[in-house]
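Coordinate analysis (summary)
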Amino acid sequence: MNGASPSGLLIATHDLCWQHDPGPGHPERPQRLTAVRHGIELSGVGDGVTWVDAPEAPMAAVEAVHQAQMLARLAEIDRQGGGELDADT
């Protein structure tokens, strides 16, 4: 990173995260992100937080943390138009 780096807490997110809705009761939903943002504002530490747009991860980074078998399964689910990977995903 060139120049001065941000101090405090760096939060990487993306506008698409607010569109991801896996259904009622699932913890990873837009309302959770809104609540986190609101909590930061209410806490008074908002000035110490830097929000950045999360870039798309290159496939090499994804492959570094996920097994090839899992990625192949996800690709197949995607080819079929989507669906559930397991009860939580």
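To be clear, the structure that these remarks concern was listed above.
Residues numbered from 1 in each chain as written. Predicted model: local features only at pLDDT ≥ 70, side-chain atom pairs only at ≥ 80, totals over all residues. Heavy atoms only, no water.

1. Notes on the overall build of the protein
Looking only at helices and strands, the protein features 3 helices and 2 strands. Counting from the amino terminus, helix and strand elements in the protein follow one another as β-α-β-α-α. A compact globule built from 89 residues should have a C-alpha radius of gyration of about 12 Å, whereas the protein, at 17 Å, is more than 25% larger. With the principal axes as the frame, the protein shows a C-alpha extent of 45 × 35 × 15 Å. Taken over 89 residues, the protein has a buried fraction of 11%. (Helix = DSSP H or I, 4+ residues; strand = E, 2+ residues; numbered from the N terminus. Rg over C-alpha atoms; globule rule 2.2 N^0.38 Å. Buried < 20%, exposed > 50% of the residue type's maximum accessible area, 1.4 Å probe, protein only.)

2. What about the pattern of salt bridges?
Evaluated as defined, the whole model comprises 2 salt bridges. Across the pair R32 and E28 runs a salt bridge whose closest N-O atoms are separated by 2.6 Å. On the basis of relative accessibility, which here comes to 43%, the residue E28 falls in the partly exposed class. Of the charged contacts, one joins E76 and R79 as a salt bridge, the two residues approaching to 2.9 Å between their closest N and O atoms. With a gap of 3 residues between them, E76 and R79 both fall in helix α3 (residues 68-79), about one helical turn apart. Note on E76: relative accessible area 34%, which makes it partly exposed. Judged by its relative accessible area of 60%, R79 is exposed. (Salt bridge = Lys/Arg side-chain N within 4 Å of Asp/Glu carboxyl O.)

3. With respect to α3
With 12 residues, α3 ought to run about 16 Å at 1.5 Å a step, and its terminal C-alpha atoms sit 16 Å apart, in line with that. Downstream of α3 by one or two residues, G81 has phi in the positive range, about 95°. (Expected span 1.5 Å × (residues − 1).)

4. Overview of the packing of aromatic side chains
Enumeration over the complete set of coordinates arrives at 0 aromatic pairs. For the cation-ring pair, R37 lies above W51, with the distance from its terminal atom to the ring centre recorded as 3.9 Å. (Phe/Tyr/Trp six-rings, centres within 6.5 Å; stacked < 30°, edge-to-face > 60°. Lys NZ or Arg CZ within 6 Å of the ring centre and 35° of its normal.)

Read these as spatial facts, not as claims about activity.
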